[in-house]
Amino acid sequence: MEKKRISGRVLYGADYNPEQWPEEIVEEDIRLMKEAGVNTVTLNVFGWGTIQPAEDVYDFSGLDRTFDLLEREDIGVVLATPTAAPPSWMFAKDATLLRVDENGRRVAHWSRQAYCPNHPLYRKEIRRIAGKLAERYGKRSNLLLWHINNECIVHCYCDYCAEAFREWLKAEYGTLERLNDCWQLRQWSLTKTDWAQIAPPLGGMSHTSVSLDYQRFLSDSNLEGFLAEKEEIVRISPDVPVTTNFYSIDFLGQIHPRWAQHLDVISWDSYPPHKDHGVWAAFQHDYFRGLKKAPFLLMEQASSNVNWKPYNPAKRPGMMRLQSFQALARGAESILFFQFRQSRGGVEKYHSSLVSHGTESDNRVFREISGLGRELEKLGGVLRGQTRARTAVLFDLTLLWLVGWNRTSRDVDYREAVTAFYRPLYEANVPVDVVHPLDDLSGYDVVVAPMLYMFEEGVPDRLRAYVERGGKLVMSYNSGMANGCDVVEHGGFLRPIADVFGIVVEEADALEPDMSNRVKWTDGACAGSGDRPDGYRTGKWGEVVRLEGAEAIATFEEDYYAGSPAVTRNRYGKGEAYYVAAHPEPAFIRELLLEVCQSAGVGPLVPNAPHGVEIAARETDDRLFLFLMNHRSSSVEIDLALLSAGAWTDAIRGTPVTGKIALDAYDVLVLEKPIRE
Amino acid sequence: MEKKRISGRVLYGADYNPEQWPEEIVEEDIRLMKEAGVNTVTLNVFGWGTIQPAEDVYDFSGLDRTFDLLEREDIGVVLATPTAAPPSWMFAKDATLLRVDENGRRVAHWSRQAYCPNHPLYRKEIRRIAGKLAERYGKRSNLLLWHINNECIVHCYCDYCAEAFREWLKAEYGTLERLNDCWQLRQWSLTKTDWAQIAPPLGGMSHTSVSLDYQRFLSDSNLEGFLAEKEEIVRISPDVPVTTNFYSIDFLGQIHPRWAQHLDVISWDSYPPHKDHGVWAAFQHDYFRGLKKAPFLLMEQASSNVNWKPYNPAKRPGMMRLQSFQALARGAESILFFQFRQSRGGVEKYHSSLVSHGTESDNRVFREISGLGRELEKLGGVLRGQTRARTAVLFDLTLLWLVGWNRTSRDVDYREAVTAFYRPLYEANVPVDVVHPLDDLSGYDVVVAPMLYMFEEGVPDRLRAYVERGGKLVMSYNSGMANGCDVVEHGGFLRPIADVFGIVVEEADALEPDMSNRVKWTDGACAGSGDRPDGYRTGKWGEVVRLEGAEAIATFEEDYYAGSPAVTRNRYGKGEAYYVAAHPEPAFIRELLLEVCQSAGVGPLVPNAPHGVEIAARETDDRLFLFLMNHRSSSVEIDLALLSAGAWTDAIRGTPVTGKIALDAYDVLVLEKPIRE
Amino acid sequence: MEKKRISGRVLYGADYNPEQWPEEIVEEDIRLMKEAGVNTVTLNVFGWGTIQPAEDVYDFSGLDRTFDLLEREDIGVVLATPTAAPPSWMFAKDATLLRVDENGRRVAHWSRQAYCPNHPLYRKEIRRIAGKLAERYGKRSNLLLWHINNECIVHCYCDYCAEAFREWLKAEYGTLERLNDCWQLRQWSLTKTDWAQIAPPLGGMSHTSVSLDYQRFLSDSNLEGFLAEKEEIVRISPDVPVTTNFYSIDFLGQIHPRWAQHLDVISWDSYPPHKDHGVWAAFQHDYFRGLKKAPFLLMEQASSNVNWKPYNPAKRPGMMRLQSFQALARGAESILFFQFRQSRGGVEKYHSSLVSHGTESDNRVFREISGLGRELEKLGGVLRGQTRARTAVLFDLTLLWLVGWNRTSRDVDYREAVTAFYRPLYEANVPVDVVHPLDDLSGYDVVVAPMLYMFEEGVPDRLRAYVERGGKLVMSYNSGMANGCDVVEHGGFLRPIADVFGIVVEEADALEPDMSNRVKWTDGACAGSGDRPDGYRTGKWGEVVRLEGAEAIATFEEDYYAGSPAVTRNRYGKGEAYYVAAHPEPAFIRELLLEVCQSAGVGPLVPNAPHGVEIAARETDDRLFLFLMNHRSSSVEIDLALLSAGAWTDAIRGTPVTGKIALDAYDVLVLEKPIRE
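Calculation rules
- Residues numbered from 1 in each chain as written.
- Chains lettered and ligands numbered in written order.
- Predicted model: local features only at pLDDT ≥ 70, side-chain atom pairs only at ≥ 80, totals over all residues.
- Heavy atoms only, no water.
- Helix = DSSP H or I, 4+ residues; strand = E, 2+ residues; numbered from the N terminus.
- Expected span 1.5 Å × (residues − 1).
- Buried < 20%, exposed > 50% of the residue type's maximum accessible area, 1.4 Å probe, protein only.
- Contact = heavy atoms within 4.5 Å.
- Buried area = accessible area lost by both parts, 1.4 Å probe.
- Salt bridge = Lys/Arg side-chain N within 4 Å of Asp/Glu carboxyl O.
- Polar contact = N/O pair within 3.5 Å; in protein donor to acceptor, adjacent residues only side chain to side chain.
- Arc of directions from axis to C-beta.
- Least-squares fit on C-alpha atoms with pLDDT ≥ 70 in both.
- Pairing = 2+ DSSP bridges.

Participant: What's the story with helix α8 (residues 208-236) of chain C in this structure? I'm lost.
Facilitator: Over its 29 residues, α8 of chain C runs 43 Å from end to end, which matches the ideal 42 Å to within 8%, given 1.5 Å per residue. Of all 29 residues making up α8 of chain C, 24 are buried, and the element is well covered by its neighbours.

In structure tokens:
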């Protein structure tokens, strides 16, 4: 974040919606905030109906008062524009403002984000309200950040969107001829002879190219709303940074790389699964940090359970704290929650909060919140600390759509494929950046590209150059199938860089659930990893690969491609390119990746750390922070002698630490030491 | 039933639709009715198109003739208004009469109940046809009962309904301010500033408060149709009782407590599952009887299989008879079937009947029907017999919606929770009334309130008073979360009567399927129940409870709330309140409930009866009837010495019974003895 | 095929769509065709937008050129009318041309078959384009066949269809009175008093009679389009045969017996499952051959995987060849593929082809294609060879809808029931015709009628006459329930021919998944089959049957119908009728059917052939061809002494064969010998 506001302390707090409560509650709430160590609240996220109760009526009295009281208590404000939830009068003014869903049905106004993002009335009103807010609050001393909209994903298929989609396509493709060609519309006589023939893909995916571009268009449509609001704000309040909080990757809609440059700071909302939460949360921290290769804000998380998953267990004692430190360890500058006071009605009333319906602050969760608040006060030194990773995992979230639409096996899943390759690095505490395939890769020694189904324009060149200059690239099956329009290029899979891998992929075989194969290291391959079993199961997918210069370091052992390469390695330029033509069990992937890392001189942050202990580092100009996080439900002993040499201090307690220390279940230790410049 | 018509004999018969058959079939059918012991038929349920073939054309000739023939044979008539299925000409006159489904699609007219219940044309025509029927048949000597509409559940989301919904809300809430507040519409800026902004919740549940009220509104909309018809009928035919047949609870739509006062007698349609049919049928008999605390009519059941469940086995020999006696034992005054003659076309043609497609009366089912008819002729004495229960189970069927919408675990299910607490009482033959939480509880010694998620206005006061005056109350988890608008009150769960329980619920924990806990009685607790295992598994849900005056009689043994209370007991006033913070296995619930009953002096009808033998009693002014029903697929011996003393007679055979008797698989014994006044 | 064109060589090739590729690719493709042995391609299947780019603009230059080049190389052309995919300008001209789906939603134009088949604009334009094509290409020397539309199934529910449906019904039923009666519309007051009251059954099945007729109407609507095109073609090009390629039975829509008479030759597209592909492909070959009791064309199959099944494994080496020979063995005159060159975009880009994206012809699949091409060149002698079957399996594909709609058990499935009775005949290599129940049965000794749920008008008489004249008929449960309108006739199941079976079906019992029964042969029954186990499991369904002249040859052994007949046999006239009242395990059905065949003197083509070896025969005027196909994944030895006597030659290699020969995994041997006339 280049702009000045956020600094000095880890932001700690929550969304706060006093407009949903009697006026007198604010003072009590501020007392509770102080008790919990809250130094930041996000206001006005859904307050549009309160501050603009009718088209030409504004009422800022409540917001003014809250601002004043917070300022008095030195609590910072993240000020949201309330544009995720237009008020009822606006829908009443023009019923076409209600969005039309994928099945062509106009929604009723009983929820947030019921609007069409391309509607002219919406675009006009969001500018107006953003401007009003900027004028009124843009100079407040405790204003830390602008927060535009909220989890800004709206899918709409109305006539306004249809028209905007056509304009978007004109800008993207220029001519209909080019569009017809890029999308291969001669198939099935879909060739368009007039732009007006193009309609949104109502009724679900029926043609992958149009569906893909419609998703890009929708993301851009939402982004245009963001930019419109930002323009109004920056005009008046240029010194305050601007963000919008991204939803977690579980919810598709925003294509973050198209947004990132327009945000002063990335912020996102983390709602990991209960089981196995560590790896998926870590992945997303590494991803959202990777968007700008910079620290980010954790804008929302839950103090305990959420209410919208199939099952919603309470976070066990210590888990919320563990997850908070995990965020901090991986680049967060804030630990913020949804929400301060639990709502009483609607569909979110059983989502946990800082202050609960029942016992308010007299409960375990609030006590853990307060304890964490006190700890974070000691950790301001971590801020602006960078993560230094020599390994990157490539991730293109549009593949969450595309692989699903194109999968020739129900069991092929992009998220699972990426996680399978991210997990061994995470578990071994190898620092990783998760980055887009078009990002600059020159700083990495190892790049892992699991199931890079789509080679968007520029990607093959970038990968080729990366290997040529000495990088190690590991790519897995179902990669390089299609170009950026989801069309296969002449020459087929991997072709633009098949020579980098030194192979030809001849066939792809999508296995039925009761089919499988076995893979085995060839003699001498992956030798660094000790005793080997006689093979590893692999399922779901296999490819028949022909060597054209590469060597096989593992082979299939069964079925008609027994003996053919399962993993290949090819020297290219100064680097090496690996290809994994199978979906093997975790142990195999772990051995492969750790071997590749080792050969590149890339190792774990702390060698031989106990299993289940996550370790991450942040480095400021003069200090190194090391986070040791025990994900086990039992205690574990760690020998600090494993750490790099230096005078390690417990960053929270301020005391020197040496020797062996025990970490309780879910406990965390933050260490720091000075760095010699 | 206060009105005079139904008396003297158990009504036995079926829906009869001669308008679907050639005229000459009626005489043959009446011969078969006599053979089967049928004394009652329900006419005209779907006959609108026959008696009013065009807007201004009536033709009652067929119905007249059927009435005459039945009268001659002393067969009573339940006369239905045919308003569940308006004829095609009416939909042709105004296509907006076709209802609009939850997804906004106007249905095609290929099924019954295709109409909008709020449509002015419908309202006008149902009054007209009801009046015509009352004029023509209201004085017939064999007219026993009016039967308005049929399973009167129609869900519609059209513009007429939208307008009627707004009027309904105005009547309910008075002002928009109050509505906004009650529904907490400030969240997400949903605040309505004009009534016209309110639309039906198309597209499924998106806001629980509006969806809940929409269901209440729909139930009332259907009820208004019923009342309109009733008004026309009572004006002309005031001495004949009026009912409408409720669907089983498996189908949501009618909120029975809002209807019950308007029916002269409750009637319902019982289609229990094949497996485990006893408990769910018994529950519903106890529920429908509980609506007026009076005997009821079994208006429909199947002679053998139905056709619309996922699997539809034939009722095994004896099962239909067993289920019929079960109804009688629990308060029925009639055993009626859908339908007399099996239909030839459409979607109900494979639903069983009295007279089948194929072998007509020459088959097992008809023989069982005839046998039962002869037995029931002996049981007129049972009529008006009351059920005397000192135990009540509270049941609010709106929770079948609400708990589903709000569940934070896919496995939390209101019906299952209620059944779990009803079952041990059923299996132990403890007489139970199933009543609404707002009913008068003063007559009960034990009240069980499983998962009473919603505390509607008045409920907490009623429960408090009940315990205060000496009652024993057992409530289970996920109770008292929300008020009658599904909004959490300040203070949270159980709060208005948390002091009655002497506890605070601090957290609710919705477990994933592979998570569980263990509960254990504390020393000395539940001592009356003999040897205890070391604990009982519990899953799905657990609550962290803090004692504030209560004692823990069972505790959790695992996870982070090990040691905290799983079941609490609190003395309050002259009574006791129990709270069950877990979902334990059946044995645990059984031990708890039987212990509570015992401590209240409430016991089974017959102690130590063999497992699988259901026992129920009905008491008239001078006689006690006891029904012994063997649900096992093998025979069982019962020692009549276990019964209360007295001169027991076999009520069907009229012979005295003593000693040990054997009951065959699925067999039933009805005993009676005189009561000394 | 009576018309002259197709003869002399097995047609070998694929759909070919050069309009999707740069012009210069055609010459390279023709080179590859020659390499692969391709002698036939299907052109123009989706080329409408190319040859008629605007309403009044035609451009045949590309198609002319392709035709010329193919002619020069002696490659025949199957010329398609492109009417499965109207071009965009046509939808732009009239948006009501877009079809309306079952839920009432008008589709967007992003896929093929987006049109309404009853739309006047469509009907006009298909005549125009068909005429143009006939004029231009009808006299080309290498034109082999006209191919109208493609997998011609379009389901539409628009207003044009509604009006056409009413006209169709008028033609079918004459009067509304008759319609009301046939559909039993008095139920639920559905009686129609004006044709205008009839609308398509939007929203899924709600009344079986209307839904069934709507499917017949849709099939006829598509057929009318076919006939309109055919009329234009035949007028100009009378000597070239005409077909349309039927989809496999997995996709419902076309009711083939209503189409067959209008096709000069049957053609169909075979996409069998990966597992157990043999039996389902064989069944369909026998079915499509049975439509005209004549050889047919295999118009499409995949060279390896498809892309649209839940899982899409590659065809293992040899499998494509095996499946091709299976088609030939069972009556095919062609082996054609979809498609020649793999498409680059859209939803079919990962469907296999002859020439692949990646390695073009340098891969296993192309090598297998080429090998097969060379073999087929030797097999021209097979053409016009007939299949001689003395056994028929009755199959009415409308039951795939009807049984589904009416099933009283989720597990009752028509396709599974039919396969269960077809499989033992297939596995024993007994030649079978699969025919419609209204077909001429006089040539068969054994007729098997699995689950013949519907007795359309004429079927009972035909079956009665068949048995009377000496045939053996085996019918299984859930048969004869309804007439051709899905209405039960007075008298019920089987009744019109219950006397032929000598039984009465008293009850049908649809079992839950954990219920089952046991069946056992009665003493002496099925004696020819050696040692018997003590019984066979049976599930899903059981019927309680009463003998009225028949004898029980197997009985149920459990539950309340223990001892009652499970299989009955009745002599009637000169024949015998068997009824199977259960769904027993495969071994039982096999024993039954082989016993019945044996008693009729019907045996396998080759007795005692090894399990897993499929054997089929084709007979021309002077030669007998025998196909031995090893479906096992390991090799098998076959003793040619088992074959009928004669001088057998390997039809591909032209060498005599005797003694024992080994067939490799998936390998095929084609033998021939002369027949003495």
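That covers the picture; the talk isn't over yet.
Participant: So what exactly am I meant to see when it comes to the interface of chain B and chain A here?
Facilitator: You'll often see interface size given as the accessible area lost when the parts meet. On the side of chain A, 48 residues touch chain B, which itself brings 57 residues to the contact. For the pair chain B and chain A, the summed buried surface comes to about 4,500 Å²; carbon and sulfur atoms form 52% of the total. When the buried area of chain B at its contact with chain A is split by residue, Gln187, Trp188 and Ser189 of chain B rank highest and sum to 18% of it. Two residues, Asp509 of chain B and Arg316 of chain A, come together in a salt bridge whose shortest N-O distance is 2.7 Å. Connecting chain B to chain A are 29 residue pairs in polar contact (both at pLDDT 80 or more). The element best represented in the side of chain B that touches chain A is strand β14 (residues 503-510) of chain B, accounting for six residues.

Participant: Sorry, what's going on with helix α15 (residues 459-468) of chain A here?
Facilitator: Since there are 3.6 residues in each turn of an α-helix, residues three or four apart along the chain are aligned in direction. All names here are of chain A. The complete set of buried residues in α15 reads Val459, Pro460, Leu463, Arg464, Tyr466 and Val467. One side of α15 carries all its buried residues, which in axial view fall inside an arc of 160°. Against the buried residues of α15 lie β10 (391-394), β12 (446-449), β13 (472-476), α16 (498-501), β18 (565-572) and β19 (575-580). Positive backbone phi, approximately 120°, marks Gly470, located one or two places after α15.

Participant: What is the right way to look at the side chain of Gln326 of chain C in this model?
Facilitator: All names here are of chain C. Looking at the secondary structure, you find Gln326 in helix α11 (residues 319-329). Gln326 gets classed as buried once you look at its relative accessible area, which sits at 1%. The contacts of Gln326, once residues within four sequence positions are left out, are Gly278, Ala281, Ala282, His285, Tyr426, Glu614, Met629 and His631.

Participant: Looking at this structure, how should I read the relation of the copies chain A and chain C?
Facilitator: When chain A is brought onto chain C, the operation consists of a screw motion whose angular component is 120° and whose axial shift is 0.0 Å, with 0.0 Å RMSD remaining. This pairing of chains is accounted for by a three-fold axis.

Participant: Sorry, what's going on with the pairing of β18 of chain A here?
Facilitator: Residues and elements named next belong to chain A. Most of β18 sits inside the fold, with six of its eight residues counted as buried. In terms of strand pairing, strand β17 (residues 551-556) meets β18 through four bridges, oriented antiparallel. Residue pairing across strands places Glu551 opposite Arg569, the latter belonging to β18. Counted between consecutive antiparallel strands, the loop separating β18 from β19 contains two residues, among which Gly573 sits at a positive phi close to 55°.

Participant: Just to check I follow, could you spell out the sheet that holds strand β24 (residues 649-650) of chain A for this structure?
Facilitator: Neighbouring strands of a sheet are bound in pairs by backbone hydrogen bonds; such pairs are parallel or else antiparallel. Residue and element names in this part refer to chain A. Taken in spatial order, the four strands make up an open sheet running β21-β22-β26-β24, and their pairing is antiparallel. In this open sheet, the two edge strands, each paired with only one partner strand, are β21 (613-619) and β24. As defined by bridge partners, β21 adjoins strand β22 (residues 623-630) across seven bridges and the pair is classed as antiparallel. Across the sheet, the residue bridging to Glu619 is Leu624, located in β22.

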